[in-house]
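Letter by letter, the chains look like this.
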Amino acid sequence: MNHLHLKIKSNLLFFIAFAFTNFVSAQVSEEKNHNLIAKGAALTKLSEQYSFTEGPAADKKGNIYFTDQPNNRIMKWSVNGELSVFMENAGRANGLYFDHEGNLLACTDEKNEIWKIDQNKNTTVLLNNFEGKRLNGPNDLWVDPKGGIYFTDPFYKRDYWKHTTKEIEKECVYYLSPDKSKITNVDNELVKPNGIIGTSDGKTLYVADIAANKTYSYTINSDGSLSKKTLFTESGSDGMTRDESGNIYLTGKGVTIFNAQGEKIAHIDVPEPWTANVCFGGKKFKTLFITASKSVYTLEMNVRGMK
């Protein structure tokens, strides 16, 4: 751990983005001229002060929250360019997403739970088991238009766990009903599900199977179950997002963009060992926010992100 983390108190940690900004030539390759990237835009490093960044999610104003998981905290990048600590002792939060009431939902794998964090930072455990068995480690999540939660539950052995084995053998995708009373296993045939995102109309879900190096699309049924599982692309992903044109953004080695038909249309090179996750935010929701290893980046786009 960087000794800087031990010296800086959360209530003093306000980094102005331009103070840490490095501009990197946005090495973007596009299969066709889709004009996804804003003219003259540069990949901008906001900070490299973290241990491993993950789980970005935007609130209704375009502020972005993300996790510095090894340091057990949730960070905030505001639309005015400030970086600050939002919460410490954050349950080893990983993937984040906002619900329709403005609560921050977090996959917290310290105790393999899903948390709801309100605007006053009060936490509620929404879920910690399936049929009485401890979850493997909720990783990423998406909220549908009804308020139900789809989440992935892969097993990544953590050094802060006391247990070393699974209670649930398969690594699955689950659906928590809008009233939070019922959890359903909606796909148990993936190797290691990770990134997840759905369409704004609540009709289609995308799930990345990172171990199989595949991403699938599903039809979402009225009861929350899934059908018509279809291979979207022969590429897995850590986190993912989508834009208003229906393009899907996958991560790992940089950010790779696919159109709605699963065709690769662009790639954004990120000069870090691993690109974990991505989302849209900013005042116009045209800022692509990228969590990559110890750093966070932005890139201005011509397209808006979609929830």
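Computed from a predicted model, the values in this text were never measured in an experiment.

Colleague: Before we move on, can you summarise the overall build of the chain with the specific residues and values?
Modeller: Counting secondary structure elements, the chain contains 2 helices and 29 strands. Evaluated residue by residue, the chain yields a buried proportion of 58% over its 307 residues. Taking the contacts inside the chain whose residues are at least 6 apart along the sequence as the reference set, 49% of them involve residues at least 24 apart. When the accessible surface of the chain is totalled, it reaches about 13,600 Å², and 47% of it is carbon and sulfur.

Colleague: Explain unusual backbone geometry to me, using residue names and the numbers behind them.
Modeller: Even without a glycine there, the phi angle at K180 is positive, about 65°. Counting through the fold element by element, K180 comes out in the loop between β17 (172-176) and β18 (183-187).

Colleague: Before we move on, could you go through the sheet that holds strand β9 (residues 93-98) and cite the residues and values that matter?
Modeller: Hydrogen bonds along the backbone pair up the strands of a sheet, which may run parallel or antiparallel. On the basis of which strands lie adjacent, the open sheet formed by 4 strands has the order β9-β10-β11-β12 and antiparallel pairing. Edge positions in the sheet fall to β9 and β12 (123-127), since each has one partner strand and no second. For this sheet, the mean angle separating the axes of adjacent strands, direction not counted, is 30°. Relative to strand β11 (residues 113-117), strand β10 (residues 104-108) runs antiparallel, the two being bridged by 5 bridges. Within β11, the residue paired with A106 across the bridge is W115.

Colleague: Run through the sheet that holds strand β15 (residues 140-143), naming residues and quoting values.
Modeller: Read across the open sheet, the 4 strands follow the order β15-β16-β17-β18; overall the sheet is antiparallel. Lying at the two open borders of the sheet, with one neighbouring strand each, are β15 and β18. Taken pair by pair, the neighbouring strands of this sheet meet at an average axis angle of 25°, ignoring direction. The sheet contact formed by β15 and strand β16 (residues 149-153) spans 4 bridges and is antiparallel. Residue V143 lies in a different strand from β16, and its bridge partner there is I149.

Colleague: Please provide a residue-by-residue account of the side chain of T256, values included.
Modeller: Structurally, T256 is set in strand β25 (residues 254-258). At 2.9 Å, the side chain of T256 forms a polar contact with the side chain of H267. In this structure, T256 is in contact with I248, Y249, L250, K264, A266 and H267, ignoring residues within four places of it in sequence.

Colleague: Account for the pairing of strand β26 (residues 264-268), naming residues and giving values.
Modeller: The element β26 is largely enclosed, with a buried count of 4 among its 5 residues. Hairpin geometry of β25 and β26 is characterised by an intervening segment of 5 residues between the two adjacent antiparallel strands and by a positive phi of about 85° at G262.

Colleague: Tell me about the pattern of salt bridges, and please be specific about residues and values.
Modeller: One pass over the structure, following the stated rule, counts 10 salt bridges. Residue D68 is joined to R73 by a salt bridge in which the shortest nitrogen-to-oxygen separation is 3.0 Å. This pair shows no difference in class: D68 is buried, exactly as R73 is. Put simply, D109 and R158 hold a salt bridge, and the shortest N to O gap is 2.9 Å. Of the two residues, D109 sits in the loop between β10 and β11 while R158 sits in the loop between β16 and β17, which places them 49 residues apart along the sequence.

Colleague: Go over the pairing of β25, please, and point to the residues and values.
Modeller: Among the 5 residues in β25, 5 count as buried, and that is most of the element. Neither face of β25 is exposed, since G254, T256 and F258 on one face and V255 and I257 on the opposite face are all buried. As paired strands, strand β24 (residues 248-252) and β25 are joined by 5 bridges and run antiparallel to one another. If you follow G252 over to β25, its bridge partner there is G254. Between β24 and β25, which pair antiparallel and follow one another directly, the connecting turn spans 1 residue. The pairing of β25 with β26 spans 4 bridges and is classified as antiparallel. Looking at the pairing, T256 lines up with H267 of β26.

Reading the values: rules and limits
- Residues numbered from 1 in each chain as written.
- Predicted model: local features only at pLDDT ≥ 70, side-chain atom pairs only at ≥ 80, totals over all residues.
- Heavy atoms only, no water.
- Helix = DSSP H or I, 4+ residues; strand = E, 2+ residues; numbered from the N terminus.
- Buried < 20%, exposed > 50% of the residue type's maximum accessible area, 1.4 Å probe, protein only.
- Contact = heavy atoms within 4.5 Å.
- Areas by Shrake-Rupley, 256 points an atom, 1.4 Å probe, with all protein chains shown as cover.
- Pairing = 2+ DSSP bridges.
- Axes fitted to C-alpha atoms, helices over the stretch in contact; angles between N-to-C directions.
- Polar contact = N/O pair within 3.5 Å; in protein donor to acceptor, adjacent residues only side chain to side chain.
- Salt bridge = Lys/Arg side-chain N within 4 Å of Asp/Glu carboxyl O.

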